[in-house]
Amino acid sequence: MKLQRMNRRALSLGALAVSGALALTACGSDATSSGTNGGSSPAAAASDVKCDDAKGQLLADGSSAQKNAIDAWVKNFTQACNGVQVNYKGSGSGAGVTAFTQGQVAFAGSDSALKPDDVTASKQVCSGGQGIDLPMVGGPIAVAYNLSGVDNLVLDAPTIAKIFNGKITNWNDAAIKKLNPDATLPDLKIQPYHRSDESGTTDNFTKYLIATAKSDWPYEGGKAWQAKGGQSASGSSGVAQGVKQTNGAIGYMELSYAKDGLGTVAINTGAAAPVKASSDGATKAIADAKVVGTGSDLALKINYATKSEGAYPITLVTYEIVCDKGNKAATLPATKAFLRYIASEQGQGILSGIDYAPIPDAIITKVRSTVEGLS
């Protein structure tokens, strides 16, 4: 009888353990539901996020390109670490770097690596250290368009450069017809949209044009738009909205913003087939990049002229910019915990589902190691 009672007790405890595990799994599913654009992310238990001593408010600003990814990450992280509030403004890469070098934020997001002047300025706020670049988010920059009756559109670098430089002004131009022999192209004025604010998206888009169509894009490049003419709008969301509202419009934006009726251009790179913007295509392009940062800085140089099969050439990497040493004691635990999570397998794992690209293993492994060494 005593043995039977022990067996019954063991079975009851086992049932409780199973139900408890199921409850934890359900909580994990809720904690990792979706990003701002409706993409779903894999379920994960709260134990996948190491909160450590993280607490208080974590202020950050920068790249609007990664805003949808940050929103999904923040939701998951703060549900696991409910003592932390993460406030990421997404005002643009230029604003983010400025806020970081002025000591206003714990970290910044930028679609371009720090310039030498930025590093020098960062030493004033990173006591005994400096700002470093940690690649966390990949993303294709889609060339999105709104053109009634045209569902598939192929362009190459020279044609894109001429469109945004005002040299090709009509949709039935001979250069566009040649690339799209089966499309019915209307006799309609092209309305190109660009960013009005300083943007890493602009920087990366124009780096692509400089690398692949220099004779048609005679500009130095940078975060500020330099070509004349065209329409302008603030942020990736502003450009997307402008293109959506205008038949005949075309603009550049992260793929996660190219939704709701917008078409995306397939790029003729010289590979066997034109390449459309995709998470997988961006990851293939980033895998062809080289680490050019020194020390704990992991800045990358992307090969915009890649002709690798399936590699999408107009791809950016968003860096989280943080002090390698000299982070503020009040925010260091939360900063490390959040960056550790977004660099983790779970954090990177949600990106493809919301139209971003995970950082390739060889690079993200180095990022994880660097995060652990922040002080």
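Please refer to the structure placed before this passage.
Residues numbered from 1 in each chain as written. Predicted model: local features only at pLDDT ≥ 70, side-chain atom pairs only at ≥ 80, totals over all residues. Heavy atoms only, no water.

Trainee: Even after reading the chapter, I still don't get the pairing of strand β6 (residues 191-195), so can you show me in this structure?
Mentor: A regular strand carries its side chains on alternate faces of the sheet. Burial within β6 is extensive, with 4 of its 5 residues counted as buried. As paired elements, β6 and strand β8 (residues 249-254) share 3 bridges and run parallel to each other. Bridging across to β8, Gln191 finds its partner in Ala249. Alignment of β6 against strand β7 (residues 231-233), held across 3 bridges, turns out to be parallel. In the strand pairing of β7, Tyr193 is matched with Gln231. Since β6 and β7 lie parallel, the crossover through helix α7 (residues 200-212) that links them has a hand, and here it is right-handed. (Buried < 20%, exposed > 50% of the residue type's maximum accessible area, 1.4 Å probe, protein only. Helix = DSSP H or I, 4+ residues; strand = E, 2+ residues; numbered from the N terminus. Pairing = 2+ DSSP bridges. Right-handed = clockwise from strand over helix to strand, strands pointing away.)

Trainee: Looking at this structure, how should I read the sheet that holds strand β10 (residues 266-268)?
Mentor: Adjacent strands of a sheet form backbone hydrogen bonds with each other and so pair up, either parallel or antiparallel. Strands sit in the order β5-β10-β11 across an open sheet of 3 strands; the sheet is mixed. Sheet topology places β5 (154-156) and β11 (275-276) at the edges, where each strand pairs with a single neighbour. Alignment of β5 against β10, held across 3 bridges, turns out to be parallel. Residue pairing in the sheet places Val154 in a bridge with Ala266 of β10.

Trainee: So what exactly am I meant to see when it comes to the packing of helix α10 (residues 332-343) against helix α12 (residues 361-372) here?
Mentor: When two helices pack together, their arrangement is given by the angle between the helix axes and the distance between those axes. Interhelical geometry of α10 versus α12 gives an angle of 165° and a closest axis separation of 10 Å. Judged on the interaxial angle alone, α12 and α10 are roughly antiparallel. For the pair α10 and α12, the crossing hand works out as left-handed. Together, Lys336, Leu339, Arg340 and Ala343 of α10 and Ile364, Val367, Arg368, Val371 and Glu372 of α12 make up the contact between the two elements. (Axes fitted to C-alpha atoms, helices over the stretch in contact; angles between N-to-C directions. Parallel < 35°, antiparallel > 145°, perpendicular 65-115°, else oblique. Left-handed = near helix turned anticlockwise from the far one by under 90°. Contact = heavy atoms within 4.5 Å.)

Trainee: What is the right way to look at the packing of aromatic side chains in this model?
Mentor: Here the distance between the centres and the angle between the planes together describe a pair of aromatic rings. Under the defined criterion, the tally for this structure stands at 10 aromatic pairs. For the pair Phe77 and Tyr341, a centre-to-centre distance of 6.3 Å together with 25° between the ring planes defines the contact as stacked. Pair noted here: Phe77 is in helix α2 (residues 67-80) and Tyr341 is in helix α10, with a separation of 264 residues, a long-range link. The burial state of Phe77 is the same as that of Tyr341; both residues are buried. Relative to Trp225, the ring of Phe164 has its centre 6.2 Å away and its plane inclined at 70°; by these criteria the two rings are edge-to-face. Separated by 61 residues along the polypeptide, Phe164 in helix α5 (residues 157-164) and Trp225 in the loop between α7 and β7 bring together distant segments of the chain. (Phe/Tyr/Trp six-rings, centres within 6.5 Å; stacked < 30°, edge-to-face > 60°.)

Trainee: For this particular structure, what's the right way to read the packing of α5 against α7?
Mentor: At a minimum axis distance of 9 Å, the contact between α5 and α7 shows a crossing angle of 125°. Taken together, α5 and α7 sit at an angle that is classed as oblique. Read as a crossing pair, α5 and α7 show a hand that is left-handed. Between α5 and α7, the contacting residues are Ala157, Ile160, Ala161 and Phe164 on the first element and Phe205, Tyr208, Leu209 and Thr212 on the second. Within the contact of α5 with α7, the residues separate by chemical class into 7 nonpolar, 1 polar and no charged. (Nonpolar A, V, L, I, M, F, W, Y, C, P; charged D, E, K, R; others polar.)

Trainee: Explanation requested: the pattern of salt bridges in the structure shown.
Mentor: Between side chains of opposite charge, pairing is possible as soon as their charged atoms come close. Applying the stated rule across the entire model yields 8 salt bridges. Among the ionic pairs, Asp197 bridges to Arg195, the shortest N-O distance being 2.8 Å. We classify Arg195 as buried; its relative accessible area is 3%. Across the pair Lys207 and Asp203 runs a salt bridge whose closest N-O atoms are separated by 3.8 Å. (Salt bridge = Lys/Arg side-chain N within 4 Å of Asp/Glu carboxyl O.)

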